Amino acid sequence: MLLMFVAIAVLATAAVATAANGGLAPSTPRSPNAIRTSDAYYVILGFTGAIFILVESLLVAFIWKYRSRGRARTTEGSQVHGHTRLELIWTVIPVVILCVIGLVVFYELPGISNAPAAAEPLHVTVEGHQFYWQFDYPNGARSINDLHAPVGQVVDLNVVSSDVVHSWWIPSLGGKIQAIPGRTNHFWFKAEKQGTYTGQCAELCGLYHAKMEARVLVGTSAQYTRFVTSTAKTDLGRAEFQGVCATCHGMQGQGGYGPNLSSNPLLIQPAGLTAIVRNGRNRMPAVGDTWTKEQMQALVQYVKAHIYKGTATSGS
Ligand code: CUA
């Protein structure tokens with residue numbers, strides 16, 4: 001018994017320590033679909049919590065009340081033959097509870113799956129890759145791992161994968177949606193507050209699944225426009241290296257799971273670099289199989305300027 005209480009206390013403290021909103025609750029919802037999911041969650045938690053407390057207290061009370069008190073092991077208890085009213089009550093109440101939960105869920109569901117009618121939703125393609133996220137905006141801009149969106153606007157997501165199954169999940173902006181090769185799944189959010197919303201690939205997809213983090217950066221519509229019309233382009237090489245290559249090769253290309261790149265002359269041979277990034281090699285996945293020419297140029301420029309240190313300094 002004592003051990004159980006200690007275990008519960010430890011688990012609760014650990015949860016509080018790792019989460020910002022009190023620990024045990026899901027992250028604060030900031031999109032209409034996430035708010036509805038959260039509402040349904042709290043209704044179910046209310047019922048199940050009350051039942052848990054009721055059942056566990058009765059259990060403890062009965063253990064106490066009917067403890068042996070030195071009674072012989074062979075003594076028979078009083079014989080009971082059914083109790084119609086009690087049996088009716090414990091059949092009817094659960095049926096009512098299940099009906100209420102069902103009603104609440106079916107009431108919330110349309111607002112979770114269907115985006116609110118918006119004059120002009122913003123269409124963004126989310127592409128899952130081993131081991132990063134790539135976003136395509138309507139004007140052709142691309143970004144890696146950071147999805148930029150304007151506040152208060154319905155963002156309609158086409159979720160795809162170029163290799164294996166991933167799962168797009170930004171808890172504050174709605175539930176999970178799988179990214180499945182050969183298929184387009186649809187999802188949406190409408191961020192009600194500016195800010196940075198973090199999430200994580202939620203489908204075990206390979207060695208660096210845990211590194212497949214995503215952020216949704218929600219700003220004003222002017223900030224969004226500035227990003228897709230200019231910053232996306234100027235920042236692309238950095239975003240690609242840090243969001244894709246660095247996962248295995250280190251932030252400075254110093255090496256990690258993958259080999260050191262900083263002194264590899266291949267880095268300044270656009271054709272060779274392009275071939276490897278597009279096709280992969282040995283254990284390296286084809287990370288850039290869907291990259292455009294502009295993306296490859298941006299990467300080449302970035303590694304030339306920031307990563308390549310020359311063959312003379314054979315960094316280790
Ligand atoms: Cu992608 Cu896990």
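Let us look at the structure shown here.

Taken in spatial order, the three strands make up an open sheet running β4-β10-β9, and their pairing is mixed. Single-partner strands in this sheet number two, and they are β4 (146-150) and β9 (195-200). Averaged over all pairs of adjacent strands, the angle between their axes in this sheet comes to 20 degrees, without regard to strand direction. Direction of pairing for β4 relative to strand β10 (residues 213-219): parallel, over a ladder of five bridges. Across the sheet, Ala149 pairs through a bridge with Val218, a residue of β10. Against the sheet, helix α4 (residues 221-249) contacts β4 and β10, and its axis sits at roughly 135 degrees relative to β4.

Turning our attention to the sheet that holds strand β3 (residues 142-144). An order of β3-β2-β1-β5-β8 is seen for the five strands of this open sheet, with the pairing classed as mixed. Single-partner strands in this sheet number two, and they are β3 and β8 (185-189). For this sheet the average axis-to-axis angle between neighbouring strands, irrespective of direction, equals 25 degrees. In terms of strand pairing, strand β1 (residues 122-129) meets strand β2 (residues 132-136) through five bridges, oriented antiparallel. Across the sheet, Thr125 pairs through a bridge with Asp136, a residue of β2. In the packing of α4 onto the sheet, the strands contacted are β1, β2 and β3, and the crossing angle to β3 comes to about 40 degrees.

Mapped onto the fold, Asp163 is located in the loop between β5 (155-161) and β6 (166-168). A sequence separation of 82 residues divides Asp163 from His81, and the C-alpha atoms of the two residues are 63 Å apart. Excluding anything up to four places from it in sequence, Asp163 contacts Gly128, His129, Gln130 and Pro181. Polar contacts involving the side chain of Asp163 include one to the side chain of His166, which spans 2.8 Å.

About the criteria used
- Residues numbered from 1 in each chain as written.
- Predicted model: local features only at pLDDT ≥ 70, side-chain atom pairs only at ≥ 80, totals over all residues.
- Heavy atoms only, no water.
- Pairing = 2+ DSSP bridges.
- Helix = DSSP H or I, 4+ residues; strand = E, 2+ residues; numbered from the N terminus.
- Axes fitted to C-alpha atoms, helices over the stretch in contact; angles between N-to-C directions.
- Contact = heavy atoms within 4.5 Å.
- Polar contact = N/O pair within 3.5 Å; in protein donor to acceptor, adjacent residues only side chain to side chain.

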